[in-house]
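Each chain, letter by letter, is given below.
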Amino acid sequence: AKTIDKIKRLEPEIVLGLGDYTFENISPQCWFDISKPINDKIKIAIGNHDLDYQSSYHQLLDHYKLKKPYYSFDFQNIHFIAISSEHPYEIGSKQYEFIKKDLEETVHNPSILWKIVFLHKPMYTSAKFDEKDSKELENTFHKLFESYHVDLVLSGHTQYYQRSLPLSY
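The paragraphs below set out a description of the structure included in this document. (Residues numbered from 1 in each chain as written. Predicted model: local features only at pLDDT ≥ 70, side-chain atom pairs only at ≥ 80, totals over all residues. Heavy atoms only, no water.)

Between the first and last C-alpha of helix α5 (residues 131-147) there are 24 Å, a value that for 17 residues agrees with the 24 Å anticipated at 1.5 Å per step. Approximately 40° is the largest bend angle found in α5, and it occurs at F141. Residues of α5 that are buried include every one of S134, L137, E138, T140, F141, H142, L144 and F145, and no others. Residues of α5 that are buried in the fold lie against α4 (94-107), β5 (114-119) and β6 (152-155). (Helix = DSSP H or I, 4+ residues; strand = E, 2+ residues; numbered from the N terminus. Expected span 1.5 Å × (residues − 1). Bend = angle between axes of the 7 residues up to and from the residue. Buried < 20%, exposed > 50% of the residue type's maximum accessible area, 1.4 Å probe, protein only. Contact = heavy atoms within 4.5 Å.)

Structure (structure tokens):
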């Protein structure tokens, strides 16, 4: 609730949620109640705890009017892609093909100046418990994001701040 109050005071135009809106509770209603003041500004990525209960996962999709746990949208001159690190994303999967096609389309849109990807689990991490998932995400998306000039990738999951300089092969 304190974080939501701080967000409200800053008056952002958009808020990106990086997953885990439910934890040790079957219903995301507590999250819906707390985040109501930013409900019209938030776009979400699904976290691993959001899948602990199928009913809460579907409630999240319904509440945020999402047909799939991965999607994209434009906000002014920024193109955002929400990835679900909790659903199949390997090369050839429906999600991967959506992301690849979506990035291809941004190349032909001169109004897009920035490309930002957000997801729950990190592509790079110093946390030992994330190494396997992070390596899989890196192997799947790093070259793709580099080739389509993704500017920023945001993730949650580890519960602490990490950053890296741009990495390239």
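Past the structure itself, the notes keep going.
Positive phi, close to 55°, is recorded for H149, a residue that is not glycine. Summarising the element assignment, H149 is placed in the loop between α5 and β6. The class of H149 is exposed, set by a relative accessible area of 59%. A positive phi is found at H157, a non-glycine position, where the angle reads about 70°. For H157, the position within the fold is in the segment after β6.

Once that is clear, we can look at the side chain of H120. Along the polypeptide, H120 turns up in the loop between β5 and α5. For H120, a relative accessible area of 1% corresponds to the buried category. For H120, the side chain forms a polar contact with the main-chain oxygen of L18, separated by 2.6 Å. (Polar contact = N/O pair within 3.5 Å; in protein donor to acceptor, adjacent residues only side chain to side chain.)

Listed in full, the buried residues belonging to helix α3 (residues 54-63) are S56, Y57, L60 and L61. For α3, the buried positions fall inside an angular range of 140° around the axis, keeping them on one side. Elements that come into contact with the buried residues of α3 comprise α2 (29-34) and β2 (42-44). Directly beyond the C-terminal end of α3, a positive phi value near 55° is found at K65. (Arc of directions from axis to C-beta.)

Now for the sheet that holds strand β4 (residues 78-82). Strand pairing within a sheet occurs via backbone hydrogen bonds; the two strands may be parallel or antiparallel. With respect to topology, four strands assemble into an open sheet ordered β3-β4-β5-β6, the strand pairing being mixed. This sheet does not close on itself; its edge strands, each paired only once, are β3 (71-75) and β6. In this sheet, neighbouring strand axes are inclined to one another by 20° on average, regardless of whether the strands run parallel or antiparallel. Two strands pair when backbone bridges link them, and β5 and β6 are joined in this way by four bridges, in the parallel orientation. What sits directly across from L119, in β6, is S155. The sheet strands contacting α4 are β3, β4 and β5, and the helix crosses β4 at an angle near 175°. (Pairing = 2+ DSSP bridges. Axes fitted to C-alpha atoms, helices over the stretch in contact; angles between N-to-C directions.)

With that settled, consider the pairing of β3. Put simply, side chains in a regular strand alternate between the two faces of the sheet. With five bridges connecting them, β3 and β4 associate as antiparallel partners. The residue bridging S72 from the neighbouring strand is I81, located in β4. Adjacent in sequence and paired antiparallel, β3 and β4 are bridged by two residues, among which Q76 carries a positive phi angle near 55°.

Within the fold, S134 resides in helix α5. Relative accessible area serves as the criterion here: at 4%, S134 is assigned to the buried category. When near neighbours in sequence (up to four residues on either side) are disregarded, S134 contacts P122, M123, Y124 and T125.

Bringing the pattern of salt bridges into the picture now. Evaluated as defined, the whole model comprises six salt bridges. With a closest N to O distance of 3.5 Å, K121 and E86 form a salt bridge. Of this pair, K121 sits in the loop between β5 and α5 while E86 is found in the loop between β4 and α4, placing the two residues 35 residues apart along the sequence. Across the pair, E86 and K121 agree in class, each one buried. We note a salt bridge from K121 to D133, for which the minimum N-O separation is 3.0 Å. Linking K121 in the loop between β5 and α5 with D133 in helix α5, this pair joins segments that are twelve residues apart in sequence. We classify K121 as buried; its relative accessible area is 12%. Ionic contacts of the salt-bridge type, sharing partners, join the residues E86, K121 and D133 into one network. (Salt bridge = Lys/Arg side-chain N within 4 Å of Asp/Glu carboxyl O.)

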